[in-house]
Amino acid sequence: MVSTFSGLETARRALSTNQSALMTVGHNIANANTEGYSRQRVNFTQTEAFPSPAFNKPGIPGQMGTGVKAGEVQRVRESFLDIQYREENHKNGYWGARLDALTKMEDIMNEPSDDGISQAMDRFWQSLQDLSVNPEDAGARSVVRQNGEALADTIGTNYSAIQAIQRDYLNEVDVTENKVNSLIRQIDGLNKQIASVEPHGMLPNDLYDQRDVLLDELSAYVNIKVDRVPSGGNAKQMADGKVTVTLANENGRALTGADGQPLTVINGTDLTYEQISMNTVPSESDELEDPLYSISIGGEEIRLSEFSSPGKLFGIAEAYGIYAGAADNPASAAAADIRGIYPDMLRELDMMVSQFAKALNDVHNSNASLSEIDSGENQDIDFFGTGSDVRFANLGDGEYFVGAAKNFRVSDEVRSSLDNIAASSFDGGQAFAGDGSGALALANVKDARLNFGGSTTNVQSFYQSVIGEMAVETSEAGRLERNTASLRESVENRRHSVSSVSLDEEMSLMIQFQHSYNAAARSLTNMDDILDRVINGMGRVGL
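So, here's what we can say about the structure.

Conventions we followed
Residues numbered from 1 in each chain as written. Predicted model: local features only at pLDDT ≥ 70, side-chain atom pairs only at ≥ 80, totals over all residues. Heavy atoms only, no water. Helix = DSSP H or I, 4+ residues; strand = E, 2+ residues; numbered from the N terminus. Rg over C-alpha atoms; globule rule 2.2 N^0.38 Å. Buried < 20%, exposed > 50% of the residue type's maximum accessible area, 1.4 Å probe, protein only. Contact = heavy atoms within 4.5 Å. Areas by Shrake-Rupley, 256 points an atom, 1.4 Å probe, with all protein chains shown as cover. Lys, Arg positive; Asp, Glu negative; His and termini not counted. Charge placed at Lys NZ, Arg CZ, Asp CG, Glu CD. 1 Å grid on protein atoms, 1.4 Å probe; cavity = no way out; pocket = protein on both sides within 12 Å on 5 of 7 lines; lining within 4 Å. Points joined across faces, edges and corners; volume = space filled by probe spheres on them. Nonpolar A, V, L, I, M, F, W, Y, C, P; charged D, E, K, R; others polar. Pairing = 2+ DSSP bridges. Patch = residues over 30% accessible without salt bridge, like charges linked within 9 Å, V, L, I, M, F, W, Y side chains within 5 Å. Salt bridge = Lys/Arg side-chain N within 4 Å of Asp/Glu carboxyl O. Axes fitted to C-alpha atoms, helices over the stretch in contact; angles between N-to-C directions. Parallel < 35°, antiparallel > 145°, perpendicular 65-115°, else oblique. Core = buried A, V, L, I, M, F, W, Y, C linked by side-chain atoms within 4.5 Å. Expected span 1.5 Å × (residues − 1).

So, the overall build of the protein chain
Moving on, step 1. Along the protein chain, the regular secondary structure elements total 13 helices and 17 strands.
Moving on, step 2. The C-alpha atoms of the protein chain give 39 Å as radius of gyration, which overshoots the globular expectation for 543 residues (24 Å, by more than 25%).
Moving on, step 3. In terms of its C-alpha atoms, the protein chain occupies a principal-axis envelope of roughly 155 × 50 × 30 Å.
Moving on, step 4. Taken over 543 residues, the protein chain has a buried fraction of 45%.
Moving on, step 5. Contacts in the protein chain between residues at least 24 apart in sequence constitute 69% of all its contacts with a sequence separation of at least 6.
Moving on, step 6. Entry remark: accessible area of the protein chain is about 26200 Å², with carbon and sulfur atoms responsible for 47%.
Moving on, step 7. Taking the average place of the 44 positive charges on the side chains of the protein chain and the average place of its 78 negative ones, the gap between the two points comes to 15 Å.

Here's what the structure looks like:
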């Protein structure tokens, strides 16, 4: 026979379980706007039926239910969507960093515009054309000198501005490195908290959410591979466990060190972590910033030229400059061995200025200036100088001076006297002040085919190709940043459809559990009335 009081216990269990469900609904509503929060639900399970199968079971017609209990409070989340989100997040971080760097450089170069290098160069060529018509006119000579100075100033200003942003990017590398290390420490700390809770049979859902938010944030800086590690003890089967985080390449496979072991930044088994650090190598020239050489993870060091974990960290490193030479652990880095968005532009400006100035000076030296005509001596005067005793004439084809664009200027001789502008040509060993063919020869340097480090073209075409390449790279970075952001947003929307709190749904569940709670309370009252009748009303006949 079933116990008289079993109905009370069944109703009590229903009250307790529905109360737990109502509290969980309230927790969901309270965190509807909390970043990274995953809605939670109480899993209802039936309690063990009565009686248990046995030879001495009571003689009742079959088993009877004994009510309900709250199994566990579980968060609603799909891990596959987390993997997809982080896969797109590191791509978006990388292309976003490239787009930001290229956009800043486009703003500096300011092409096409009336204030850019291209227009300054056109005005300089035009002034030489005008000088060829009036070679003795002081006004025309002054315009040539002024336009030459304007061209040198424009190139030098742009060069210095790019260098200033490059230096800022080294600080950005340090800030990003500290941010990544902070995220690693926080995730390890949450790992330890989770490892202390799960073995007791509980699910620390809020700690899971906090850890997933940090993992999402970390995935923007480097590509990561996340593996689950059971906590042991009495941990529930659905417990998320601890996480081991390793760096991954662009294909999602774990990066390995020299010993062939995965590069692990967070070890969920040992509950330890490793910090990362970016290392530089000295540059050969004071005009260059020291390029980044390697990244250290614990005791492992990997050259950045071989590092294939794309993300915001690597995008910033590429913008600043990476040593790409063949030597391992070099004592110093040559300009030709440094690759990156800003170093590449600086090198191309140096190459353009060096070869253009060398060609123009060669023609200028072969011409005759008014001072040379008056003295009857060839003084070998350069039009453009390097800012030092070194002359552009010392360069060979395809060679350049590091920092040439920064120190580019009109020579001291031309700045001191307009008569030192060589606008006449020697004809049979003689030159005449009214001859403007020398100025025309200077203007024709515009179309001269020069060797710009393996690319043979004229200076205008070379500069246009540099600007065109920058525009193409910016367009590509912008397109891929938008594509990856769109894909990431699509995955995020699917995550929200699964995990986020819907207030309409929670209100519906609240009403459902409230009615269940009221019904259970009514059942408890009914059982109380029955027991009151049995205890206080039976056996009183005749009293």
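A short note on empty space enclosed by the protein
Moving on, step 1. A complete count under the given rule lists two cavities of 30 Å³ or more for this structure.
Moving on, step 2. The volume enclosed by the largest cavity comes to roughly 120 Å³.
Moving on, step 3. Along the wall of the largest cavity there are 14 residues; nearest its centre are Leu288, Ala335, Pro343, Leu346 and Arg347.
Moving on, step 4. Residue assignment for the lining of the largest cavity shows that the elements contributing at least two residues are helix H4 (138-197) and helix H7 (341-366).
Moving on, step 5. Within the lining of the largest cavity, the residues separate by chemical class into eight nonpolar, two polar and four charged.
Moving on, step 6. Its boundaries defined by the atoms lining it, the second largest cavity holds a volume of some 40 Å³.
Moving on, step 7. In terms of lining residues, the second largest cavity is bounded by Val180, Ile184, Leu218, Val222, Leu247, Val265 and Ile276.

What about the environment of Ala150?
Moving on, step 1. Assignment of secondary structure puts Ala150 in helix H4.
Moving on, step 2. The partly exposed category is assigned to Ala150, whose relative accessible area is 35%.
Moving on, step 3. A sequence separation of 259 residues divides Ala150 from Arg409, and the C-alpha atoms of the two residues are 9.1 Å apart.

A word on the pairing of strand E8 (residues 292-297)
Every regular strand shows the same layout, with side chains that alternate between the two sheet faces.
Moving on, step 1. Among the six residues in E8, six count as buried, and that is most of the element.
Moving on, step 2. The sheet contact formed by strand E7 (residues 276-280) and E8 spans five bridges and is antiparallel. Bridge pairing in E8 links Thr280 to Leu292.
Moving on, step 3. In this sheet, strand E9 (residues 300-303) lies alongside E8 in antiparallel orientation, the contact comprising four bridges. Within E9, the position partnered with Ser294 by the bridge is Arg303.

A word on the environment of Ala393
Moving on, step 1. Tracing the sequence through the fold places Ala393 in the loop between strand E13 (384-385) and helix H9 (404-407).
Moving on, step 2. Along the primary structure Ala393 and Gln355 are separated by 38 residues, whereas in three dimensions their C-alpha atoms are 9.4 Å apart.

Focus on the sheet that holds strand E5 (residues 264-267)
Moving on, step 1. Strand order across the open sheet formed by four strands is E3-E4-E5-E6, with antiparallel pairing between neighbours. Edge strands, defined here as strands with exactly one partner in the open sheet, are strand E3 (224-229) and strand E6 (272-273).
Moving on, step 2. As defined by bridge partners, E5 adjoins E6 across two bridges and the pair is classed as antiparallel. Along E6, the bridge assignment pairs Asn267 with Thr272.

Some thoughts on a nonpolar patch on the surface
Moving on, step 1. Taken together, Phe5, Ile530, Val534, Ile535 and Met538 make up a surface patch of nonpolar side chains, about 490 Å² in accessible area.
Moving on, step 2. Its location among the elements puts Ile530 in helix H13 (residues 503-537).

Here's the deal with the packing of helix H2 (residues 79-109) against helix H5 (residues 205-219)
Relative orientation and spacing of two packed helices are given, respectively, by the angle between their axes and the distance between those axes.
Moving on, step 1. Their axes nearest at 8 Å, the elements H2 and H5 cross at an angle of 30°. Comparing their axes, H5 and H2 come out roughly parallel. Residue-level inspection shows Asp82, Tyr85, Arg86, Asn89 and His90 of H2 in contact with H5, the latter providing Asp212, Leu215, Asp216 and Ser219.
Moving on, step 2. Residues that form the contact of H2 with H5 fall into these classes: two nonpolar, three polar and four charged.

Here's the deal with the nonpolar core
Moving on, step 1. In this structure, Met109, Phe124, Leu349, Met352 and Phe384 are the most contacted members of the largest nonpolar core, which totals 102 residues.
Moving on, step 2. Per element, the largest residue contribution to this core is 16 residues, and it comes from H4.
Moving on, step 3. Leave out the neighbours within four places in its chain, and Phe124 touches Val144, Asn147, Gly148, Leu151, Phe356, Leu360, Phe383 and Phe384.
Moving on, step 4. Core analysis: the second largest hydrophobic core is formed by seven residues, Val281, Tyr293, Tyr323 and Ala333 among them.

Remarks on the pairing of E5
Moving on, step 1. In this structure, strand E4 (residues 242-247) lies alongside E5, joined through two bridges in antiparallel fashion. The residue bridging Val245 from the neighbouring strand is Ile266, located in E5.
Moving on, step 2. Counting the residues that bridge the hairpin from E5 to E6 gives four residues, and of these Leu271 lies at a positive phi of roughly 55°.

Some details on helix H3 (residues 117-133)
Moving on, step 1. Under the 1.5 Å per step criterion, the end-to-end length of H3 is 25 Å for 17 residues, consistent within 8% with the ideal 24 Å.
Moving on, step 2. Within H3, the full set of buried residues consists of Ile117, Ser118, Ala120, Met121, Phe124, Trp125, Ser127, Leu128, Leu131 and Ser132.

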